[in-house]
Amino acid sequence: MIPYGRQSLDQADIDAVMAVLQSDWLTQGPAIERFEQAMARRCQAGHAVAVCNATAALHIACLAAGLGPGDRLWTTPNTFLASANCGRYCGAQVDFVDIDPLTWNLDAVALAAKLEKAERNGTLPKVLVAVAFSGQSCDMREIARLSERYGFTVIEDASHAVGASYAGRPVGCGEFADMTVFSFHPVKIITSAEGGMVLTNRPELAQHLQRLRSHGMTRDAEQMSEPSHGPWYYQQVELGFNYRITDLQAALGLSQLNKLEGFIARRRELASRYNRLLNGLPLTLPGLQPEAESAWHLYVVRLRLDEISLDHRQVFEGLRAAGIGVNLHYIPVHLQPYYCDLGFAQGDYPQAERYYAEAISLPMFPSLSDEEQEYVVGQLQRLLEE
Ligand SMILES: *Cc1c(COP(=O)(O)O)cnc(C)c1O
């Protein structure tokens, strides 16, 4: 089976992890800070805080933004559950903004209209989670403008977008978002097995994120309510978590980061080959927004169902039967039973629902060969012509 995504590991990655195993530190050692600093440098960000996964990163980013009960978080329905769940962890209400039919990202025009209405009703969000779907940022320039106008915090969920850029600068640089979250899950662009990170340019947010990742504890005298009792002393100044990443994971992430540019180059090459090979088939190909350079975590096509005889499920199953591990990103979050129980229903976000009825994620990962890709295209073509 050709999977839709897979990690690329080599001997250097294995050696990096082995070196940590043979060192004095398995967790909270020097590799974590090195990984953080290297990511901050690569992304031109002031601060980076590594945690155990991107879901935890989203959770503490929301808390650092001050999100709590009575507040609202908005995001896109076309995302992984975690982009919405982080709001629920904080006791906030979650609401969605429909997607742009071209890029399949949160639609900044729909956002502007919804904000205008929310201002009249007193239901403005405190946080917007702008997901860089498939590796391509949203219209971040417009989102940043709206955040100034309406006063919400922008968290870019760039779990798909390590190594991407926007407006000529790396995603994570903080020009258009208060905080940026990355995932290092094995299907993503680079991996630390499990791992996540928050990048920000605001020192007070970075300090808060560091405390939240480790029980709300501090050893910094300036953050304490009274003078230190001695060298052993620490204080818990708020409720935090154990969201730490291990040194083993950070060493793997750092080693992977050395290969990021090559991974991105191959993903871009595969994307342009798909664009060329699929041209002319009854498909809608990914729409690009001019300011964004995608990291191409996913390559999604939409079936033009009125031009083919098989239905969506038959094409999907036909590809699986041909040994191609296609997938579907994403089931609209608002249609999950948990969110339906909160009042959402079919029909709420028609663009995301229509997308879901047509989308298929094709294999996309750096070690996918040209021949494998041609096989995928050939099988897809066969099914579309059936
Ligand atoms: C993978 C993913 C997450 C969660 O990442 P983990 O590191 O697995 O917690 C969050 N948001 C999006 C958009 C993702 O794709």
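Note that the structure is predicted; figures quoted are calculated from it, not measured.

## Observations regarding a nonpolar patch on the surface
Here comes step 1: Nonpolar side chains collect at one region of the surface, where Ile-14, Met-18, Leu-21 and Leu-26 lie side by side and expose about 360 Å² of accessible area between them.
Here comes step 2: On the secondary structure map, Met-18 appears in helix α1 (residues 11-21).
Here comes step 3: Assessed through its relative accessible area of 38%, Met-18 is described here as partly exposed.

## A word on the pattern of salt bridges
Here comes step 1: All chains considered together, the criterion is met by 23 salt bridges.
Here comes step 2: Note that Glu-204 is salt-bridged to Arg-202, the shortest N-O span being 3.1 Å.
Here comes step 3: Because the salt bridges share partners, they merge into one network encompassing Arg-266, Glu-269, Arg-273, Asp-370 and Glu-374.

## Quick notes on the domain arrangement of the protein chain
Here comes step 1: The domain boundaries assigned to the protein chain delineate domain 1 (2-257) and domain 2 (260-384).
Here comes step 2: The distance between the C-alpha centroids of domain 1 and domain 2 comes to 25 Å.
Here comes step 3: At the interface, 48 residues of domain 1 touch 53 residues of domain 2.
Here comes step 4: Across the interface of domain 1 and domain 2, roughly 4200 Å² is buried in total on both sides, 59% from carbon and sulfur atoms.

## Re the sheet that holds strand β13 (residues 283-284)
Pairing between the strands of a sheet comes from backbone hydrogen bonds, and it takes one of two forms, parallel or antiparallel.
Here comes step 1: What the three strands build is an open sheet, ordered β13-β15-β17; its pairing is antiparallel. Two strands lie at the open edges of the sheet, namely β13 and β17 (359-362), each paired on one side alone.
Here comes step 2: Where β13 lies against strand β15 (residues 299-303), two bridges are found, and the strand directions are antiparallel. Each bridged residue has a counterpart across the sheet, and for Leu-283 the counterpart in β15 is Leu-303.

The rules we used
Per chain, residues are indexed from 1 in the order of the written sequence. With the structure being a predicted model, the display of local features is reserved for residues of pLDDT at least 70 and the display and counting of side-chain atom pairs for 80 or more, all residues being used for whole-chain, interface and lining totals. Note: side-chain values were computed over all heavy atoms of the structure, leaving out hydrogens and water. Patch membership requires more than 30% relative accessible area and the absence of a salt bridge. Residues of like charge join within 9 Å; the nonpolar side chains Val, Leu, Ile, Met, Phe, Trp and Tyr join within 5 Å. To measure how exposed things are, a 1.4 Å probe is used in the Shrake-Rupley method; for residues, cover is taken only from the protein chains shown. Each reported salt bridge corresponds to a side-chain nitrogen of Lys or Arg within 4 Å of a carboxyl oxygen of Asp or Glu. Helix numbering and strand numbering both begin at the N terminus, where a helix is a DSSP run of H or I of at least 4 residues and a strand a DSSP run of E of at least 2. For the exposure calls, accessible area comes from a 1.4 Å probe over protein chains only, and a residue counts as buried if that area is under 20% of its type's maximum, exposed if over 50%, partly exposed in between. Domain delimitation follows an automatic or database domain assignment. Contacts are assigned to residue pairs with any non-hydrogen atoms lying within 4.5 Å of each other. By buried area we mean how much accessible surface two parts lose on assembly, using a 1.4 Å probe and totalling the loss over both. Two strands qualify as a pair provided that DSSP identifies no fewer than 2 bridges between them.

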